[in-house]
Number of protein chains: 2
Amino acid sequence: MERNLSTIAAGTRKRRGEGHTRRDEILIAAKELFLREGYQATTIRRIAEVVGVSAPALYLYFKDKDAILIALCDQTFSGLIELMDELDRQALTPMERLRSCGAAYIRFALEHPREYWLTFMSGNTPAEVQKRGHKPETFDPDEPGSKGAVAFSRLMGTFRDIESSGFQLNYPVETAAELVWMSLHGLVAALINNPEFPWTKRDVLIDGMLDLTMRGVVKAPEKS
Amino acid sequence: MERNLSTIAAGTRKRRGEGHTRRDEILIAAKELFLREGYQATTIRRIAEVVGVSAPALYLYFKDKDAILIALCDQTFSGLIELMDELDRQALTPMERLRSCGAAYIRFALEHPREYWLTFMSGNTPAEVQKRGHKPETFDPDEPGSKGAVAFSRLMGTFRDIESSGFQLNYPVETAAELVWMSLHGLVAALINNPEFPWTKRDVLIDGMLDLTMRGVVKAPEKS
DNA sequence: TCGGTAAGTTATCAATGTTAAGTTAGTGGC
DNA sequence: GCCACTAACTTAACATTGATAACTTACCGA
């Protein structure tokens, strides 16, 4: 438990206008600690210690501890979006792209389980859920905490492409995208949250879930 | 936020041998508070106050705060098991029973979203996940925290019945059960955790997910 | 060079989970 | 009847936590 994490820049004070680099340092340290010890177990003081700065200094850059987590979630979502951009660049049929997208999503989650956990499963207490029951009427994709919706809308775009390329869906695009994402999330959430449970082989589960969702959502083409 | 929760039994001290009733009172109060305010937001002192007892008294009955949550999770799982018992008593074909079981699961989750959240999504920090990577070699279904596995094995039984009643599955029973449960969990987890997200209609999503999983897991019978 | 302010510090707060140590009161044995 | 035993508590305190208030430092532009 005592693996040491060297301080990033002990004693150096940032030049004027260079505060954002300190902000980045905080994010790097916080991410490392959140992933290693968990969100709750990571204290503001510990983050500050790793950065090489006093604890209250963090409040110059983040409203509170949650804001640090939200910023990190946005980073993760941006990573997912980039991952989809890459798939767009490859010459794939929309169907191929959908499956690749699903496979990439699962791979990302299982290769970075703690990051996935942090992003998709660490927030959201029931109390919070009850509180913020309202949405802002104007959607700003750059405001903290809204990169997730951007990523999801990209998935919907893939379904639109599938439909306009001649395939028939069993559901409207929104519903199809939601069902597929929910299924994949259910898979990785279970695997990540209960790694000790005696699941059947991962490869079987992954391929099984991809088959299940693809077949379930897009109509089998008529044999001609 | 100030809804008052009357104390259960202020000032009365339990007779000798009646400690377990105090334990039950603690569970009732803790459940109410956990559901209302969330796990983190609920303090040991507040639970004690509602029960009408001093804070350290809780440690006579529970090792720590987590132990209270685990006991409540077991209660929830027992409820799910009972729900399945009820379906067993109805005269249904195995296929009907599977779908009813899935529908009942979803209904339970959406009717008691906070209880579901508490049971399936509130624990499991990444740190914990890394720590308890070992399982006890002897499985005791009555030891705290293991009612979940019992409930899941019941679902597998349903798949065994389907198979032995002549249907063919696309996967081994374990895999089939896991895929179905994961999908349904993904659905309700998303709906519960992000109720403000503009999902398509719930009924469509629920029926869609049930269709998707059933069709995906059991082979369509040959038309004769 | 010097005032404004970005970038920090120290001191302190109230709240939290948990433990130590002492107290009360019911009960079985004589 | 009473007395030792112990189940069922209490009060006091601890170390840690997230967060704030108030003060300081040092860089940069005019």
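What you are looking at is a predicted structure, and each value in this text was computed from that prediction instead of being measured.

Conventions adopted
Residues numbered from 1 in each chain as written. Chains lettered and ligands numbered in written order. Predicted model: local features only at pLDDT ≥ 70, side-chain atom pairs only at ≥ 80, totals over all residues. Heavy atoms only, no water. Least-squares fit on C-alpha atoms with pLDDT ≥ 70 in both. Contact = heavy atoms within 4.5 Å. Near = heavy atom within 4 Å. Polar contact = N/O pair within 3.5 Å; in protein donor to acceptor, adjacent residues only side chain to side chain. Helix = DSSP H or I, 4+ residues; strand = E, 2+ residues; numbered from the N terminus. Nonpolar A, V, L, I, M, F, W, Y, C, P; charged D, E, K, R; others polar. Core = buried A, V, L, I, M, F, W, Y, C linked by side-chain atoms within 4.5 Å. Buried < 20%, exposed > 50% of the residue type's maximum accessible area, 1.4 Å probe, protein only. Axes fitted to C-alpha atoms, helices over the stretch in contact; angles between N-to-C directions. Left-handed = near helix turned anticlockwise from the far one by under 90°. pLDDT = per-residue confidence, 0-100. Buried area = accessible area lost by both parts, 1.4 Å probe. Salt bridge = Lys/Arg side-chain N within 4 Å of Asp/Glu carboxyl O. Phe/Tyr/Trp six-rings, centres within 6.5 Å; stacked < 30°, edge-to-face > 60°. Expected span 1.5 Å × (residues − 1).

Colleague: Could you give an account of the relation of the copies chain B and chain A, naming the residues involved and the relevant values?
Modeller: Relative to chain A, chain B is turned by 180 degrees and slid 0.0 Å along the rotation axis, the superposed coordinates differing by an RMSD of 0.1 Å. Here the symmetry operator amounts to a two-fold rotation axis. For chain B, the residue whose C-alpha comes nearest the rotation axis is Gly 186 of chain B, separated from it by 1.9 Å. Counting the interface residues of chain B, we find that 98% of their copies in chain A are interface residues as well, pointing to one common contact surface.

Colleague: Please set out the protein's contact with DNA strand D residue by residue, giving values where relevant.
Modeller: Around DNA strand D sit 26 residues, and of these Arg 13 and Arg 45 of chain A together with Arg 13, Arg 16 and Ser 54 of chain B come closest. Tyr 59 of chain A is positioned with one of its side-chain polar atoms (N or O) 2.8 Å from a phosphate oxygen of DNA strand D. Contacts to DNA strand D include Tyr 61 of chain B, whose side-chain N or O atom sits 2.9 Å from a phosphate oxygen. Within the residue set of the surface near DNA strand D, elements represented by two or more residues are α2 (44–51) of chain A together with α1 (19–37) of chain B. Of the residues contributing to the surface near DNA strand D, the split by class is eight nonpolar, five polar and 13 charged.

Colleague: Got a sec to walk through the environment of Glu 115 of chain A? Specific residues and values, please.
Modeller: All names here are of chain A. Of note, Glu 115 is situated in helix α5 (residues 113–120). Residues Glu 115 and Thr 76, spaced 39 residues apart in sequence, show a C-alpha to C-alpha distance of 7.5 Å. Ignoring sequence-local partners within four residues, the contact set of Glu 115 consists of Lys 31, Leu 35, Thr 76 and Phe 108. Polar side-chain contacts of Glu 115 include one of 2.9 Å to the side chain of Thr 76.

Colleague: Now, about the nonpolar core: what can you tell me, with residues and values included?
Modeller: Among the nonpolar cores identified, the biggest contains 140 residues, and Ile 47, Ile 68 and Phe 159 of chain A together with Ile 47, Ile 68 and Phe 159 of chain B are the most heavily contacted of them. Those residues in contact with Phe 159 of chain B that sit more than four places away from it in its chain are Leu 98, Leu 169, Val 173, Ala 176, Ala 177, Val 180 and Val 217 of chain B.

Colleague: Please set out the environment of Ile 28 of chain B residue by residue, giving values where relevant.
Modeller: As for its placement among the helices and strands, Ile 28 of chain B is situated in helix α1. Once the C-alpha coordinates of Ile 28 of chain B and Val 51 of chain B are considered, the two residues, 23 residues apart in sequence, prove to be 8.8 Å apart.

Colleague: Can you explain the packing of helix α4 (residues 94–111) of chain B against helix α9 (residues 202–217) of chain B? Please cite residues and give values.
Modeller: The angle between the axes and the distance between the axes are what describe a pair of packed helices. All names here are of chain B. Axis separation between α4 and α9 bottoms out at 11 Å; the angle between their running directions is 145 degrees. When you trace α4 past α9, the crossing you get is right-handed. Where α4 abuts α9, its residues Leu 98, Arg 99, Gly 102, Ala 103, Ile 106 and Leu 110 lie against Arg 202, Ile 206, Asp 207, Leu 210, Asp 211 and Met 214. Residue composition of the contact of α4 with α9, by class: seven nonpolar, one polar and four charged.

Colleague: Kindly report on the environment of His 185 of chain B, identifying the contributing residues and their values.
Modeller: Residues and elements named next belong to chain B. Residue position: His 185 is located in helix α8 (residues 173–193). Placed 79 residues apart in sequence, His 185 and Ile 106 show a C-alpha to C-alpha distance of 8.1 Å. Not counting residues within four places of it along the chain, the set of residues in contact with His 185 comprises Tyr 116, Phe 120 and Met 121.

Colleague: Quick one: what's the story with the confidence of the model for chain A, residue by residue and with numbers?
Modeller: Residues of chain A with pLDDT of at least 70 account for 86%, and the chain-wide mean is 87. Low pLDDT (under 50) marks residues 125–135 of chain A, which in the prediction has 19 contacts with non-local residues, meaning those over four places away or in another chain.

Colleague: Outline the interface of chain B and chain A, supporting the account with residue identities and numerical values.
Modeller: Each partner contributes to the interface: chain B provides 52 residues, whereas chain A provides 51 residues. Carbon and sulfur atoms make up 66% of the area that chain B and chain A hide from each other, which totals about 4,300 Å². For the interface between chain B and chain A, the tally reads zero salt bridges. Applying the counting criterion to the chain B and chain A interface returns nine residue pairs in polar contact (both at pLDDT 80 or more).

Colleague: Break down the packing of aromatic side chains for me, with residues and values.
Modeller: Residues and elements named next belong to chain A. Summed over the entire model, instances satisfying the criterion amount to 22 aromatic pairs over all chains. With 4.4 Å between their ring centres and 25 degrees between their planes, Tyr 116 and Phe 120 make a pair best called stacked. Here the residue Tyr 116 and the residue Phe 120 both occupy positions in helix α5, the gap between them amounting to four residues, near one helical turn. When its relative accessible area of 0% is taken as the criterion, Tyr 116 is described as buried. Their ring planes at 45 degrees and their centres at 4.5 Å tell us that Phe 197 and Trp 199 sit as a pair that is tilted. Looking at Phe 197, the relative accessible area reads 23%, which means it is partly exposed.

Colleague: How would you summarise α8 of chain B if you had to cite specific residues and measurements?
Modeller: Because an α-helix completes one turn every 3.6 residues, residues spaced three or four positions apart along the sequence face the same direction. The first and last C-alpha atoms of α8 of chain B sit 29 Å apart over 21 residues, in line with the 30 Å expected at 1.5 Å per residue. For α8 of chain B, a buried count of 20 out of 21 residues is recorded, marking the element as mostly surrounded by other parts of the structure.

Colleague: If you had to explain the protein's contact with DNA strand C to someone new, which residues and values would you point to?
Modeller: The full set close to DNA strand C counts 26 residues, and Arg 13, Arg 16 and Ser 54 of chain A together with Arg 13 and Arg 16 of chain B are the nearest of them. Here the atoms of DNA strand C within 4 Å of the protein split so that 46% fall in sugar or phosphate, with bases taking the remainder. Here a phosphate oxygen of DNA strand C sits 2.7 Å away from a polar atom, N or O, in the side chain of Arg 22 of chain A. Separating a phosphate oxygen of DNA strand C from a side-chain N or O atom of Tyr 59 of chain B is a distance of 2.7 Å. Of all the secondary structure elements, the ones that give two or more residues to the surface near DNA strand C are α1 (19–37) of chain A together with α2 (44–51) of chain B. Along the lines of polarity and charge, the residues of the surface near DNA strand C split into eight nonpolar, five polar and 13 charged.

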